Amino acid sequence: QRWDELSTSLQVAQGIVLKIAEMPRIVIAAVQGAAIGYGFGLVCVADRVIASTKARFKLGQPSLGLTIDGGLTYTLPRLVGYRQAMELVLTDSLISAETAQQMGLVSRLVSDAEWDSAVTVAVDQVSKAPQSTQNKLLIRKGFPVSLAEQFRSEQERFLVAIRGEAFRACLRKF
């Protein structure tokens, strides 16, 4: 029964990410702190990411002996490329906002002093570009595998990993 509950929870989380991806609106993620695990997935599905210079990013799942989820197998390699995605998965290191921007995870990096105005400007830019939502939908349609299909693969692999010895070993270390 616990596996069924976990599977249901994964489906709910995936549904949230899928709604964001398919939303006919531009989604701006504003990151001032840490985006780890599912939070990292939410950042990657956003259309634009504004980050504070103090923001940090980490996958988190690999350190627990789990496969990445939250749509990251779909969004991450599309944002940073296969090699960078694999580097993040293999090292599961905490990365700075500057590194995230260099990798293509962050659209704009701002200081705390600029924060409020930068977020306001980003929202204003979207509101002044009515074609932006159509462009979003067209760009997303250009990917050969849908996010929904990728979620099915992620869930299958995640449920196998969570029953595995690597995950149990990580839990014992906790």
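Note that the structure is predicted; figures quoted are calculated from it, not measured.

J.: Kindly report on the nonpolar core, identifying the contributing residues and their values.
T.: V31, F40, F57, L76 and L105 are the most contacted members of the largest nonpolar core, which has 34 residues in total. Of all elements in the fold, only α1 (2-22), β1 (28-31), α2 (38-45), β3 (48-52), α3 (72-80), α4 (82-91), α5 (97-103) and α8 (147-162) reach the threshold of two or more residues within this core. L10, L159, I162 and F167 belong to the second-largest nonpolar core, a separate cluster that totals seven residues.

J.: Residues and numbers for the pattern of salt bridges, please.
T.: Under the definition given, this model contains five salt bridges. Between K54 and D112 there is a salt bridge, and its shortest N-O distance comes to 2.9 Å. Here K54, found in the loop between β3 and β4 (56-58), pairs with D112, found in the loop between β6 (108-110) and α6 (115-127); they are 58 residues apart in sequence, far enough to count as distant. Take K54: its relative accessible area is 54%, and that puts it in the exposed class. Here D112 falls in the partly exposed class, since its relative accessible area comes to 38%. Close ionic contact of E165 with R172 constitutes a salt bridge, the shortest N to O distance being 2.4 Å.

J.: Describe the environment of I50, with residues and values.
T.: Looking at where I50 falls in the secondary structure, it is placed in strand β3. Using a relative accessible area of 1% as the deciding quantity, one classes I50 as buried. Dropping the residues within four chain positions of it, I50 is found in contact with I28, A29, A30, V31, R108, V110, W115, A118, V119 and A122.

J.: Could you give an account of the packing of α3 against α4, with specific residues and numbers?
T.: With their axes 6 Å apart at the nearest point, α3 and α4 run at an angle of 125° to one another. By the criterion of interaxial angle, the relationship of α3 to α4 is oblique. Here the hand of the crossing between α3 and α4 comes out right-handed. Between α3 and α4, the contacting residues are L76, P77 and V80 on the first element and Y82, Q84, A85 and L88 on the second.

J.: Give a detailed account of the sheet that holds β6, specifying residues and quantitative values.
T.: Ordered in space as β1-β3-β6, the three strands form an open sheet in which the pairing is parallel. The sheet terminates laterally at β1 and β6, the two strands that pair on one side only. The sheet shows a mean angle of 15° between the axes of neighbouring strands, taken without regard to direction. Across three bridges, β3 lies against β6 in parallel orientation. The partner of I50 across the bridge, within β6, is R108. On the sheet, α6 packs against β1, β3 and β6 and is oriented at approximately 175° with respect to β3.

About the thresholds
- For every chain, the first residue of the written sequence is number 1, and numbering continues from 1 onward in sequence order.
- Where local features are concerned, this predicted model is filtered to residues with pLDDT of at least 70; where side-chain atom pairs are given and counted, the filter is 80 or more; whole-chain, interface and lining totals use all residues.
- Excluded from the side-chain calculations are hydrogens and water; all other atoms, namely the structure's heavy atoms, are used.
- Put simply, a nonpolar core is a bunch of buried Ala, Val, Leu, Ile, Met, Phe, Trp, Tyr and Cys residues held in one set by side-chain atoms that sit within 4.5 Å of each other.
- Exposure is judged per residue with a 1.4 Å probe applied to protein chains only, and the accessible area is read against the type maximum: over 50% gives exposed, under 20% gives buried, and values in between give partly exposed.
- Counting from the N terminus, the helices are DSSP H or I runs at least four residues long and the strands are E runs at least two residues long.
- Salt bridges are defined by distance alone: a side-chain nitrogen of Lys or Arg within 4 Å of a carboxyl oxygen of Asp or Glu.
- We call two residues in contact whenever any of their non-hydrogen atoms come within 4.5 Å of each other.
- In this analysis, axes come from line fits to C-alpha atoms, helices being fitted only over the stretch in contact, and the angle between any two N-to-C directions falls in the range 0 to 180 degrees.
- Should an angle fall under 35 degrees it is taken as roughly parallel, and over 145 as roughly antiparallel, whereas 65 to 115 is taken as roughly perpendicular and any remaining angle as oblique.
- If you view the pair so one helix is near and one far, a crossing is left-handed when the near helix is turned anticlockwise from the far one by less than a right angle, and right-handed when it is turned clockwise.
- Here a strand pair is declared whenever DSSP counts at least two bridges between the two strands.

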